[in-house]
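So the chains spell out like this:
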Amino acid sequence: APAVAGEPVTIQAVGWQDDDGTDGLMYRYGYRPQAASTNVSATPLGGRSMDQKPYTWSRPKKGNWTLICYIYDNLAAMTESTVDIEILEGESLIANGTTGLLADAQTLQAEANVDAYAQLGDAVGDSLNSDASVDADTKKALRKAFIGGLA
């Protein structure tokens, strides 16, 4: 079933084990447009991790995407597992004001959660680009929260 833009999508690599019997598999998730060649680099959804727990793409964008899990062993061999997903258009992230978004941005900055912070900034950028009704003060506050937060 399709997901909705802005609503979390959970991804997990299940059932992978190292063929040579050694421990140490690492996982990294990403996405790319479905129509893109496999030679197109995926947008990462975080760094490599030895943890097989589910990963949440907290703010997916509208479109047809291929989710990718890269699986690495301790000898640097890599394979990937993919699944296609459709993300339907959701409500604009800024339709109901920016108070919650600004609080989310501050929390993610304080937690040093770079992956989630980048996803939130990307989703806000998409909303700003698609919502012509956003006033200048709102744009200024969001720019300060996201660009200023990186300084």
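Just so we're clear, the structure is a prediction, and the values are computed from it rather than from any experiment.

1. Topic: the overall build of the protein chain
In step 1: Helices and strands together make up the secondary structure of the protein chain, namely three helices and seven strands.
In step 2: Along the protein chain, from the amino end to the carboxyl end, the secondary structure elements read β-β-β-β-β-β-β-α-α-α.
In step 3: In the protein chain, which comprises 151 residues, the share counted as buried stands at 33%.
In step 4: Of the roughly 9100 Å² of accessible surface on the protein chain, a fraction of 50% belongs to carbon and sulfur atoms.

2. Examining the environment of Tyr72
In step 1: Tracing the backbone through its elements, the reader meets Tyr72 in strand E6 (residues 63-72).
In step 2: With 47 residues separating them along the chain, Tyr72 and Leu25 place their C-alpha atoms 5.5 Å apart.
In step 3: Residues within four places of Tyr72 in sequence aside, it is in contact with Gly24, Leu25, Met26, Arg28, Arg48, Ala77 and Met78.
In step 4: Engagement of the side chain of Tyr72 in a polar contact is seen with the side chain of Arg28, the distance being 3.2 Å.

3. Some details on the pairing of E6
In step 1: The element E6 is extensively covered by neighbouring structure, given that eight of its ten residues are classed as buried.
In step 2: When E6 meets strand E7 (residues 78-88), the two strands line up antiparallel, connected through ten bridges. Among the inter-strand pairings, Asn64 is bridged to a residue of E7, identified as Glu86.
In step 3: Where E6 hands over to E7, the hairpin turn is made up of five residues, of which Ala76 adopts a positive phi near 75°.

What counts and how
- Residues numbered from 1 in each chain as written.
- Predicted model: local features only at pLDDT ≥ 70, side-chain atom pairs only at ≥ 80, totals over all residues.
- Heavy atoms only, no water.
- Helix = DSSP H or I, 4+ residues; strand = E, 2+ residues; numbered from the N terminus.
- Buried < 20%, exposed > 50% of the residue type's maximum accessible area, 1.4 Å probe, protein only.
- Areas by Shrake-Rupley, 256 points an atom, 1.4 Å probe, with all protein chains shown as cover.
- Contact = heavy atoms within 4.5 Å.
- Polar contact = N/O pair within 3.5 Å; in protein donor to acceptor, adjacent residues only side chain to side chain.
- Pairing = 2+ DSSP bridges.

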